[in-house]
Amino acid sequence: MKHTHNLEYELFDSWEELSINEKELITKAYSICEKAYAPYSKFSVGAAVLLENGEVVLGNNQENIAYPSGLCAERVALFYTGANFPDIAVQTICIVANGDLIPFDTILAPCGGCRQVMLETEIRQNKPYRVILVSQNKKTIVFNSAKDLLPFAFGTN
Ligand code: THU
């Protein structure tokens, strides 16, 4: 039997159309993006995680000469969050990038490994959180749940 999977998301021409609080979060993601350690890919990524208590955790990609030892910005931020604020729920994650690796008008979509970690953060806290993805020309997608980015994930469905 055929089934259809629907995906709901909001699309904006610019992240400047979002709320003041979310714009502030995106600005923070850009500031941490500038501090990424990405000498090999020359592609910088920044992630800003807003927690329910108002705390903001920032992360960026950390590369290594032994390539697979590096880690994406999302996982740096979410693992720091899990380590330091295990009982505080994530409300929003915002991810931005800077570099030539993907076209300017393409929204930075997290890699599969990061999606799995994003999903488990949501399952762990038993509450959905917003995911804001931004392109270098400001185009923005907002999902209301990390689950939407990884249907039929390992260990779920
Ligand atoms: N990267 C991230 O930090 N997040 C993503 O969602 C995709 C890729 C990093 C990994 C590597 O340091 C660089 O971007 C190029 O792939």
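Before reading further, recall that the structure is shown in the block above.
Residues numbered from 1 in each chain as written. Predicted model: local features only at pLDDT ≥ 70, side-chain atom pairs only at ≥ 80, totals over all residues. Heavy atoms only, no water.

Section: the overall build of the chain
Then, number 1: Helix and strand counts for the chain come out as three helices and six strands.
Then, number 2: Listed N to C, the secondary structure of the chain is β-α-β-β-α-β-α-β-β in terms of helices and strands.
Then, number 3: Taking 157 residues into account, the globule formula puts the C-alpha radius of gyration at 15 Å, and the chain, at 15 Å, falls close to it.
Then, number 4: Projected onto the principal axes, the alpha-carbon positions of the chain cover approximately 45 × 35 × 35 Å. (Helix = DSSP H or I, 4+ residues; strand = E, 2+ residues; numbered from the N terminus. Rg over C-alpha atoms; globule rule 2.2 N^0.38 Å.)

Regarding unusual backbone geometry
Then, number 1: The phi torsion at asparagine 126 lies on the positive side, around 55°, for a residue other than glycine.
Then, number 2: Here the phi dihedral of phenylalanine 152 falls at roughly 55°; this positive angle occurs in a residue that is not glycine.
Then, number 3: Relative to the assigned elements, phenylalanine 152 resides in the segment after strand E6 (140–143).
Then, number 4: Taking the relative accessible area as the measure of exposure, phenylalanine 152 reaches 67% and is therefore exposed. (Buried < 20%, exposed > 50% of the residue type's maximum accessible area, 1.4 Å probe, protein only.)

Overview of the environment of isoleucine 88
Then, number 1: Mapping isoleucine 88 onto the fold places it in the loop between helix H2 (73–84) and strand E4 (90–98).
Then, number 2: The sequence separation of isoleucine 88 and glutamine 125 amounts to 37 residues, and the corresponding C-alpha distance is 7.9 Å.
Then, number 3: Discounting residues that sit within four places of it in the chain, isoleucine 88 has contacts with Leu51, Glu52 and Asn53. (Contact = heavy atoms within 4.5 Å.)

With respect to helix H1 (residues 20–33)
Then, number 1: Here H1 is 14 residues long and its end C-alpha atoms lie 20 Å apart, about the 20 Å a rise of 1.5 Å per residue gives.
Then, number 2: Buried-residue contacts for H1 involve strand E2 (44–51), strand E3 (56–60), E4 and strand E5 (130–134). (Expected span 1.5 Å × (residues − 1).)

Concerning the site of the ligand
Then, number 1: As a structural note, the neighbourhood of the ligand is formed by Ser41, Phe43, Val45, Asn61, Glu63, Cys72, Ala73, Glu74, Leu101, Leu108, Pro110 and Cys111.
Then, number 2: Between the ligand and asparagine 61, the relevant distance is 2.9 Å, taken from an oxygen atom to a side-chain nitrogen or oxygen of the residue.
Then, number 3: Considering the ligand on its own, with 370 Å² of exposed area, one finds that the protein chains cover 81% of that surface.
Then, number 4: Of the residues contributing to the shell around the ligand, the split by class is eight nonpolar, two polar and two charged. (Near = heavy atom within 4 Å. Polar contact = N/O pair within 3.5 Å; in protein donor to acceptor, adjacent residues only side chain to side chain. Areas by Shrake-Rupley, 256 points an atom, 1.4 Å probe, with all protein chains shown as cover. Nonpolar A, V, L, I, M, F, W, Y, C, P; charged D, E, K, R; others polar.)

Quick look at the packing of aromatic side chains
Then, number 1: All chains considered together, the criterion is met by three aromatic pairs.
Then, number 2: Measuring from centroid to centroid gives 6.3 Å for tryptophan 15 and tyrosine 30, while their planes differ by 40°, and the two rings are tilted. Separated by 15 residues along the polypeptide, tryptophan 15 in the loop between strand E1 (10–12) and H1 and tyrosine 30 in helix H1 bring together distant segments of the chain. Pair check on accessibility: tryptophan 15 and tyrosine 30 agree, each one buried.
Then, number 3: On the basis of an interplanar angle of 45° and a centroid distance of 5.5 Å, the ring pair of tyrosine 40 and tyrosine 67 is categorised as tilted. Here tyrosine 40 is found in the loop between H1 and E2, whereas its partner tyrosine 67 is found in the loop between E3 and H2, with 27 residues between them in sequence.
Then, number 4: Judged by relative accessible area, which is 35%, tyrosine 40 ranks as partly exposed. (Phe/Tyr/Trp six-rings, centres within 6.5 Å; stacked < 30°, edge-to-face > 60°.)

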